[in-house]
Amino acid sequence: MSTSQKPSAKTVQTLFNRIAPVYDDFNNQLSFGLHRIWKRMAVNWSGLKPGDRALDLCCGSGDLTYFLAQQVGPTGTTIGVDFSAELLEIAASRSGTTYVPKTIQWVEADVLELPFESNSFEGATMGYGLRNVVDIKGSLGEIYRVLKPRKTVAILDMHRPVQPALGRFQNWYLENQVVPAAKRCGMIEEYKYIAPSLARFPQGKEQEKLAQSVGFRDAIHYPIAAGMMGCLVAKK
């Protein structure tokens, strides 16, 4: 697959169903073990408060969803959405433990066709999902639709760093640390998609323009980890 060729939605769904058993371990490797700190930053940027209705898109195994549930508390509502049934099963298995409270609802759905009414959430997050959707603008439009007016989405993801030296380091890390680890788990083909997905992914300013093009009035992209990660914060 070339860097300019996006995989189909079915291909991405199948891929994430296959990698579900090792998803958490590889998130740790891809983020140098810091992804949970950055997810908490995204929750803070979302502006959610106790009692709010919160939405976590591409929720995976539920880390970020749990942080949202902590933020809105027992009087709030938290919904985690993913189109990987296997990842949702892992997320749901944590419900009712000290890790994930029972108040979280898990919904299998496509971020391009969310099964929620318009203007129904006080805030939303997405962690490491926007880079993999087949229609980035379309998914931003759906997020805009389901958010209430003047509410915020925070979208965390990997990025290509602007500085060439950091870009070389990122490529080295993916090729020499992540891919070999994937190979040991029998997942090398599944994780080879990361570098091409980064090459296709719009940079920060492009993301801001995409968010504004679907109606968000404020959109700011914050670089994280010297630009190897970033968070798009957009207000309806």
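Position labels on residues start from 1 in each chain and follow its written sequence. Totals for whole chains, interfaces and linings use all residues, but because this is a predicted model, local features are given only for residues with pLDDT of at least 70 and pairs of side-chain atoms are given and counted only at 80 or more. To obtain the side-chain values, all non-hydrogen atoms of the structure were used and water was disregarded.

Participant: Whenever I open this one, the packing of aromatic side chains confuses me. Can you help?
Facilitator: Here a ring pair, both rings aromatic, is described through the centre-centre distance and the interplanar angle of the planes. The criterion for an aromatic pair is that two Phe, Tyr or Trp rings (for Trp, the six-membered ring) have centres within 6.5 Å, with stacked assigned to planes under 30 degrees apart, edge-to-face to planes over 60 apart and tilted to the rest. Evaluated as defined, the whole model comprises 4 aromatic pairs. Geometrically, the ring pair formed by tyrosine 144 and phenylalanine 216 is edge-to-face, given 5.2 Å between the ring centres and 85° between the ring planes. With tyrosine 144 in helix H6 (residues 136–146) and phenylalanine 216 in the loop between helix H10 (204–213) and strand S6 (218–224), this pair connects stretches of sequence that are 72 residues apart. Each residue gets one of three labels from its accessible area relative to the maximum for its type: buried under 20%, exposed over 50%, partly exposed in between, using a 1.4 Å probe on protein chains only. Here tyrosine 144 falls in the partly exposed class, since its relative accessible area comes to 24%. Helix and strand assignments follow DSSP, with helices taken as H or I runs no shorter than four residues and strands as E runs no shorter than two, numbered in order from the N terminus.

Participant: Sorry, what's going on with the packing of H6 against H10 here?
Facilitator: Two quantities define a packed helix pair, namely the angle between the helix axes and the distance between the axes. Between H6 and H10, whose axes approach to 9 Å, the crossing angle comes to 50°. By the criterion of interaxial angle, the relationship of H6 to H10 is oblique. The hand of the H6/H10 crossing is right-handed. Residues Ile136, Lys137 and Leu140 of H6 form the contact with H10, whose participating residues are Leu210, Ala211 and Ser213. Three classes are used, and their members are as follows: Ala, Val, Leu, Ile, Met, Phe, Trp, Tyr, Cys and Pro are nonpolar, Asp, Glu, Lys and Arg are charged, and the others, Gly among them, are polar. A breakdown of the residues in the contact of H6 with H10 according to their chemical character gives 4 nonpolar, 1 polar and 1 charged. Whenever a helix is involved, its axis is fitted only over the stretch in contact; in every case the axis is a line through C-alpha atoms, and angles between N-to-C directions fall within 0 to 180 degrees. Each angle is binned into one of four classes, with values under 35 degrees roughly parallel, values over 145 roughly antiparallel, values of 65 to 115 roughly perpendicular, and all other values oblique. The sense of a crossing depends on the near helix, which, turned anticlockwise from the far helix by less than a right angle, makes the crossing left-handed and, turned clockwise, makes it right-handed. Contacts between residues were defined by any pair of non-hydrogen atoms, one from each residue, lying within 4.5 Å.

Participant: Got a minute to help me understand the environment of glutamate 86 in this structure?
Facilitator: Examined against the element boundaries, glutamate 86 turns out to sit in helix H5 (residues 85–93). Sequence-wise, glutamate 86 and glycine 60 are 26 residues apart; in three dimensions their C-alpha atoms are separated by 9.0 Å.

Participant: Help me out: how do you make sense of the nonpolar core in this one?
Facilitator: Note on soluble globular proteins: their nonpolar side chains tend to be buried together. Among the nonpolar cores identified, the biggest contains 29 residues, and Leu55, Val81 and Phe116 are the most heavily contacted of them. Elements with a contribution of two residues or more to this core: strand S1 (53–57), strand S2 (77–82), strand S4 (121–127), H6, strand S5 (147–158) and strand S7 (229–235). Top element by residues in this core is H6. It accounts for 4 residues. Residues within four places of leucine 55 in sequence aside, it is in contact with Leu68, Ile79, Val81, Leu114, Phe116, Phe121, Gly123, Ala124, Thr125 and Val146. Here, nonpolar core means buried Ala, Val, Leu, Ile, Met, Phe, Trp, Tyr and Cys residues that are tied together by side-chain atoms lying within 4.5 Å of each other.

Participant: Help me understand the layout of surface pockets, please; the structure alone is not making it clear to me.
Facilitator: Any empty space left between atoms is shown by rolling a water-sized probe over those atoms. Think of a 1 Å grid over just the protein atoms. A cavity is a set of points where a 1.4 Å probe fits yet cannot get out, a pocket is an open set with protein on both sides within 12 Å along at least five of seven lines, and lining residues have an atom within 4 Å of a point. Grid points are joined across faces, edges and corners, and a volume is the space filled by probe spheres set on the points. If you add up the space inside the second largest pocket, you get close to 230 Å³. Along the wall of the second largest pocket there are 13 residues; nearest its centre are Val162, Gln203, Gly204, His221 and Pro223. Listed by contribution, the elements that provide at least two residues to the lining of the second largest pocket are H10 and S6. The leading source of residues in the lining of the second largest pocket is H10, at 3 residues. Classifying every residue of the lining of the second largest pocket gives 4 nonpolar, 6 polar and 3 charged.

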